[in-house]
Amino acid sequence: MSRNATRIGALRERIGDEILLEGWLYNRRSSGKLEFLLVRDGSGIVQCVAVKAELPEGVFARCATVTQESSVRVTGVVREDKRAPSGVEISLRDIEIVGASTDFPITPKEHGPSFLLDQRHLWIRSQRQAAVLKIRHTLVQACRDWLDADGFILADAPIFTPSACEGTTTLFETQYFDEKAYLTQSGQLYNEATAMAFGRSYCFGPTFRAEKSKTRRHLIEFWMVEPEVAFATLDDVMVLIERFVEGIVGRVLEKRREELKILERDVAPLERVRAPFPRVSYDDSARLLRGKGVPFEWGNDFGATDETVLTEGYDRPFFVHRFPAAVKAFYMKRDPGDDRLSLSCDLLAPEGYGEIVGGGEREDSLDRLVERIHEHKLPLDAFQWYLDLRRYGSVPHSGFGMGIERTLTWLCGIEHLRETIPFPRMLNRLRP
RNA sequence: UCCUGAGUAGCUCAAUGGUAGAGCAUCCGGCUGUUAACCGGAGGGUUGUAGGUUCGAAUCCUACCUCAGGAGCCA
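Residues numbered from 1 in each chain as written. Chains lettered and ligands numbered in written order. Predicted model: local features only at pLDDT ≥ 70, side-chain atom pairs only at ≥ 80, totals over all residues. Heavy atoms only, no water.

**Let's talk about the overall build of chain A**
Next, step 1: From N to C terminus, chain A includes 13 helices and 18 strands.
Next, step 2: Counting only C-alpha atoms and orienting by the principal axes, one finds that chain A spans roughly 85 × 55 × 40 Å.
Next, step 3: Residues classed as buried in chain A amount to 50% of the 432 residues present.
Next, step 4: Across chain A, the fraction of contacts at a sequence separation of at least 24, relative to all contacts at a separation of at least 6, is 65%.
Next, step 5: The average position of the 59 basic charges and that of the 65 acidic charges among the side chains of chain A differ by 5 Å. (Helix = DSSP H or I, 4+ residues; strand = E, 2+ residues; numbered from the N terminus. Buried < 20%, exposed > 50% of the residue type's maximum accessible area, 1.4 Å probe, protein only. Contact = heavy atoms within 4.5 Å. Lys, Arg positive; Asp, Glu negative; His and termini not counted. Charge placed at Lys NZ, Arg CZ, Asp CG, Glu CD.)

Spelled out as structure tokens, the structure:
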């Protein structure tokens, strides 16, 4: 935007002034001797009114030729007007077409998801999509601000890794000069190293899972924030998670009311997000599911429908803790009270959204960790640096990972997480 | 990988064995306060691909392709 242009978001402060607007035509309606031009500039949408009787012939004629998504410079006077969609409108004095747009593919009518995703580079111009991405921006900032204020150091994990972090899921293989490398599926192992350096650390970046998952809850490339804390137990990390989630939800409510309104999100459930969150053990969850007639077997992880049934009982996020060790990663510490269980926890979002956070206490004993690596049939050599963390001043430590897109899907109250990232990477979708 | 469903105009859809249509978008005309504006007119099609059944296929059958939802797996 040029220096002398005014942003639409700031128009209320300029009532009565003649201003310059730089943006794109969102929609146009004409009524004979009137033209209504809806102009957007990324900060909002405003209606510009051209009156034939008050304008030179050429200017009014030009208004009638502006097509959807053409870029324009409009000069005019800011006025309050109840008839305008935003309550403020511009009496148009002049208009310049900067770049014409012909046959913009996304018309102001219904479209299917496949078509819209093909047009994702243009779809993000629409009001709803832009609102979701602005909330994403605020969520990311809130995560970082909250952790920074709590004494965490950002220490990002690498994206190229020599081997699996968790061994179980499918990795993207790539060439690293003369050897094979993989794209990271979690910064977890590296975070344990940085936590031993800084006490509290976190990484925030993209992760990659080459799973053939094809549901509304999966992306191939997604973002996670993963804090790790030295000397913290499972109970400590659950307190950290609930304070963190309360904080970031509060920030989104504070900064993004308008966008939540565009999305028609009922904010009442978000306003109930106050720590402490309920805690329920895996054992009790399994019993609860069976009590409701769900054919759930002890030892399994929860499926999507299991999670939905569980969330029905709560009006705020809640923890499920102490999952069977077999369904969690090798580095999870066993429950000293029951060796079948791990000191792990998931945070499930209410309203049927399900898991947004996974965390727990890590195995801090060198011998037991070596045992786990063997059990999982992982190459011991690749983990020597990780085992060093237990050789040189090992401490109890815990951490968690929060999926940004899943959290956003819940905050925005939308159906599918593909709308929460600017350019989603999914099974069968690498473009645009 | 498996299960279910869908592919017809640029987009969203109708046409259930008998002349392929509507709304929006585009173009032309009309309208001095429109709110996904409205009214009139025009152009726009190898019905996903290949084969088969039939006098006749968008429609029935077979295979394949693409997409969507779900399962498994996960954040």
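**Let's talk about the layout of surface pockets**
Next, step 1: Computed from the structure, the second largest pocket encloses a volume of approximately 840 Å³.
Next, step 2: As for the second largest pocket, its lining consists of 27 residues, and the residues nearest its centre are Ser43, Gly44, Ile45, Gln127 and Glu258.
Next, step 3: For the lining of the second largest pocket, the elements supplying multiple residues, two or more each, are strand S2 (34-40), helix H4 (127-149) and helix H7 (257-262).
Next, step 4: Looking at the lining of the second largest pocket element by element, the count peaks at 5 residues for H4.
Next, step 5: Of the residues assigned to the lining of the second largest pocket, the class counts are 12 nonpolar, 6 polar and 9 charged.
Next, step 6: Per-domain counts for the lining of the second largest pocket show at least three residues from each of domain 1 (8-99) and domain 2 (120-420). (1 Å grid on protein atoms, 1.4 Å probe; cavity = no way out; pocket = protein on both sides within 12 Å on 5 of 7 lines; lining within 4 Å. Points joined across faces, edges and corners; volume = space filled by probe spheres on them. Nonpolar A, V, L, I, M, F, W, Y, C, P; charged D, E, K, R; others polar. Domains from an automatic or database assignment.)

**Digging into the sheet that holds strand S8 (residues 173-176)**
Next, step 1: Pairing is antiparallel across the open sheet formed by 3 strands, whose spatial order is S7-S9-S8. The open sheet has two edge strands with one neighbour each: strand S7 (160-161) and S8.
Next, step 2: Here S8 runs beside strand S9 (residues 179-183); their pairing, made up of 4 bridges, is antiparallel. Its bridge partner being in S9, Gln175 is matched across the sheet by Lys180. (Pairing = 2+ DSSP bridges.)

**Things to note about the pairing of S2**
Next, step 1: With respect to burial, S2 is a largely interior element, 5 of its 7 residues being buried.
Next, step 2: The sheet contact formed by strand S1 (residues 18-30) and S2 spans 6 bridges and is antiparallel. The residue of S2 that forms the bridge with Trp24 is Arg40.
Next, step 3: Between S1 and the antiparallel strand that follows it, S2, lie 3 residues; Gly32 among them carries a positive phi value of about 70 degrees.
Next, step 4: Sheet topology note: the S2/strand S3 (residues 45-51) ladder contains 7 bridges and is antiparallel. By the bridge assignment for S3, Leu38 is matched with Gln47.

**Description of the nonpolar core**
Next, step 1: Formed by 47 residues in total, the largest nonpolar core has its most connected members in Cys143, Val225, Phe244, Met402 and Trp410.
Next, step 2: Of the residues forming this core, the biggest block, 11 residues, is contributed by helix H6 (residues 234-255).
Next, step 3: Counting 22 residues, the second-largest nonpolar core is a separate cluster that includes Leu11, Ile19, Cys63 and Val78. (Core = buried A, V, L, I, M, F, W, Y, C linked by side-chain atoms within 4.5 Å.)

**A short note on empty space enclosed by the protein**
Next, step 1: Here the structure, examined in full by the defined rule, presents 2 cavities of 30 Å³ or more.
Next, step 2: Here the second largest cavity is characterised by a volume of approximately 30 Å³.
Next, step 3: Together, Val280, Ser285, Leu288, Leu310, Tyr314 and Phe318 line the second largest cavity.
Next, step 4: Tallied by class, residues from the lining of the second largest cavity come to 5 nonpolar, 1 polar and no charged.

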